[in-house]
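One-letter residues, chain by chain:
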Amino acid sequence: MSRQAEPDHADAPDVDELTPPDRTLMGPGPSDVNPRVLRAMSTPLVGHLDPSFVEMMDEVQDLLRYAFRTDNQWTIPVSGTGSAAMEAAIGNVVAPGDLALVPSNGYFGDRMAEMVRRAGGEVARVDAPWGEPLDPADVRSGVEEHDPDVVGFVHAETSTGALQPNVPAITEAAHDAGALVIADCVTSLGGVELRVDEWGIDVAYSGPQKCLSCPPGASPLTLNDRAMDAVRSRDEPVRSWYLDLSLLEDYWGDERAYHHTAPVTNVYALREALRLVAEEGIEERWERHRHVAGALRAGLEEMGLALNAPEEAWLPSLNAVRVPDGVDDSAVIERLLDEHGIEIASGLGAMTGEVFRIGCMGHSARPGNVMALLAALGTELERAGADVDADAGLATARSEL
Ligand SMILES: *Cc1c(COP(=O)(O)O)cnc(C)c1O
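Described in the following lines is the structure provided in the data block. (Residues numbered from 1 in each chain as written. Predicted model: local features only at pLDDT ≥ 70, side-chain atom pairs only at ≥ 80, totals over all residues. Heavy atoms only, no water.)

The next point concerns the overall build of the chain. Within the chain one finds 13 helices and 14 strands. Relative to its length of 401 residues, the chain is compact, with a C-alpha radius of gyration of 23 Å against a globular reference of 21 Å. Its C-alpha atoms give the chain principal-axis dimensions of about 80 × 60 × 45 Å. Counting only residues that meet the buried cut, the chain has 56% of its 401 residues in that class. For the chain, the exposed area adds up to about 17,100 Å²; of that, 47% sits on carbon and sulfur atoms. One finds the centroid of the 30 positive side-chain charges in the chain at a distance of 3 Å from the centroid of its 68 negative side-chain charges. (Helix = DSSP H or I, 4+ residues; strand = E, 2+ residues; numbered from the N terminus. Rg over C-alpha atoms; globule rule 2.2 N^0.38 Å. Buried < 20%, exposed > 50% of the residue type's maximum accessible area, 1.4 Å probe, protein only. Areas by Shrake-Rupley, 256 points an atom, 1.4 Å probe, with all protein chains shown as cover. Lys, Arg positive; Asp, Glu negative; His and termini not counted. Charge placed at Lys NZ, Arg CZ, Asp CG, Glu CD.)

Following this line, the structure appears as structure tokens:
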């Protein structure tokens, strides 16, 4: 009797070839990626110390400076997602025993505060209602009361859809007390007006998969000389070896010495995504977001929905919309994905069940996406019995686009 030998790999999992579904990404990130960026990611690897890669590193740094509107020498992509850049910013600038004023008005402000604590810092809070922008006068009185070393705030709060207007009033209050300012610009960089140098932001970080429309993996960070001096003069080394900027300086600075292997493909992707920003022009890009998201907002409002953020804090890249009474938000979100191939998100943290979060970021911020989203959302809300006028919303958006 012949006995067939069992192939060695009989216990290997039988997994199908990768075929991700076709989605339109209109949530809080990731956003749709331009095909040029995807092509850049399929080009061959070079070593992370290859002269050609070193040249690319310089180009990425220049392109990042352009997008951030800064001349900061210390401008790099941090390996990891936005939270890695966030932890690099906070973990380097906040030393044990430092006091940080983090007037949190949303989920990501809370995350900043938590990172301060983990870096050994103390958090002083300013009362700031969720969904509303910070009042610079409250920040100033908080600064005067607590005399912090660092002030941290979120420029574009993705959890509530609130933009922080009047950033210079916040940085001025902080600087008057000698504090450094860290700004979370994850959902603003490349999507809404952001001027790091002009506005006096000492440290800004972002993520690639929001308004830059790049896959997650290498995240923008910039620090001015004052902030870098504070990092260099710490008494105690940064608690994270991986994110220690004084060590990363050897790789991103003149020396180009190995620290950790750069995510080469993600750097390619970021380079191409930033090239697209430069080609479009940063101010033109902010204007496109205002225009396209403005039509989205007008359509949503005409349909009968209300935005969560007050008018002066409207955030084009993330439109948080109140869920109409009696509507099950997760059922609507699920149907949008299953029936229409469109991703949006529910509320986060304290806003769970209260808002739909509709992103309008980077390559996703296009007229066709807005029309498709409004048609799909209108259809599903009507189906769910909400009192909305989908046709009116569509007609308004079309006339604005
Ligand atoms: C997405 C986001 C982050 C975190 O970025 P990840 O890439 O998810 O790690 C931080 N802050 C804000 C405001 C964000 O929107």
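Turning our eyes to something else, we now look at helix H7 (residues 225-232). Buried residues of H7: Ala 227, Met 228 and Val 231, and no others. One side of H7 carries all its buried residues, which in axial view fall inside an arc of 95°. Elements in contact with the buried residues of H7: strand E2 (74-80), helix H3 (82-93), strand E8 (180-184), strand E9 (203-205), strand E10 (217-223) and helix H8 (245-252). (Arc of directions from axis to C-beta. Contact = heavy atoms within 4.5 Å.)

Time to look at the site of the ligand. The environment of the ligand is made up of Thr 81, Gly 82, Ser 83, Phe 108, Arg 111, Ala 156, Thr 158, Asp 184, Val 186, Thr 187, Gln 209 and Lys 210. Thr 81 is positioned with one of its side-chain polar atoms (N or O) 2.6 Å from an oxygen atom of the ligand. Against a free-state accessible area of 380 Å², the protein chains account for coverage of 89% of the ligand. When residues of the shell around the ligand are traced back to their parent elements, those giving at least two are H3 and helix H4 (107-118). Of the residues assigned to the shell around the ligand, the class counts are three nonpolar, six polar and three charged. (Near = heavy atom within 4 Å. Polar contact = N/O pair within 3.5 Å; in protein donor to acceptor, adjacent residues only side chain to side chain. Nonpolar A, V, L, I, M, F, W, Y, C, P; charged D, E, K, R; others polar.)

Spatially, three strands are ordered E11-E14-E13 in an open sheet, and the strand pairing comes out antiparallel. Every other strand in the sheet has two partners, leaving strand E11 (318-322) and strand E13 (345-346) as the edge strands with one partner each. Pairing geometry for E11 and strand E14 (residues 355-359), over five bridges, is antiparallel. Bridging across to E14, Arg 322 finds its partner in Val 355. Its contacts with the sheet place helix H10 (residues 282-303) against E11 and E14, and it is angled at close to 5° to E11. (Pairing = 2+ DSSP bridges. Axes fitted to C-alpha atoms, helices over the stretch in contact; angles between N-to-C directions.)

Let us look at the nonpolar core. Among the nonpolar cores identified, the biggest contains 85 residues, and Phe 53, Ile 182, Tyr 205, Leu 221, Leu 223 and Leu 245 are the most heavily contacted of them. When near neighbours in sequence (up to four residues on either side) are disregarded, Leu 223 contacts Asn 72, Trp 74, Val 93, Asp 202, Val 203, Met 228, Val 231 and Leu 245. (Core = buried A, V, L, I, M, F, W, Y, C linked by side-chain atoms within 4.5 Å.)

Among the structural elements, Asp 98 can be located in the loop between H3 and strand E3 (99-101). Buried charge without a salt bridge: Asp 98, with Arg 234 as the nearest opposite-charge side chain at an N-O distance of 6.3 Å. (Salt bridge = Lys/Arg side-chain N within 4 Å of Asp/Glu carboxyl O.)

Right, let's get into the side chain of Arg 357. As for its position among the elements, Arg 357 is in strand E14. Summary of buried charges: Arg 357 has no salt-bridge partner, and the nearest side chain of opposite charge, Glu 157, is 6.9 Å away. At a separation of 2.9 Å, a polar atom in the side chain of Arg 357 contacts the main-chain carbonyl oxygen of Thr 158.

Counted at 1.5 Å a residue, the expected span for helix H2 (residues 51-68) with its 18 residues is 26 Å, and the 26 Å between its end C-alpha atoms agrees. Contact partners of the buried residues in H2: E2, E9, E10, H8, helix H9 (264-280) and H10. Phi turns positive, to about 60°, at Arg 69, one or two residues after H2. (Expected span 1.5 Å × (residues − 1).)

Our focus in this paragraph is the pattern of salt bridges. Taken as a whole and assessed by the stated rule, the structure comprises 23 salt bridges. Note that Arg 36 is salt-bridged to Glu 279, the shortest N-O span being 2.9 Å. Highlighted residues: Arg 36 in helix H1 (residues 35-41) and Glu 279 in helix H9, separated in sequence by 243 residues. A relative accessible area of 22% means that Arg 36 is categorised as partly exposed. The salt bridge partner of Arg 195 is Glu 283, with a shortest N-O separation of 3.1 Å. Placement of the pair is Arg 195 in the loop between E8 and E9 and Glu 283 in helix H10, with a sequence separation of 88 residues. Looking at Arg 195, the relative accessible area reads 16%, which means it is buried. Taking the relative accessible area as the measure of exposure, Glu 283 reaches 42% and is therefore partly exposed.

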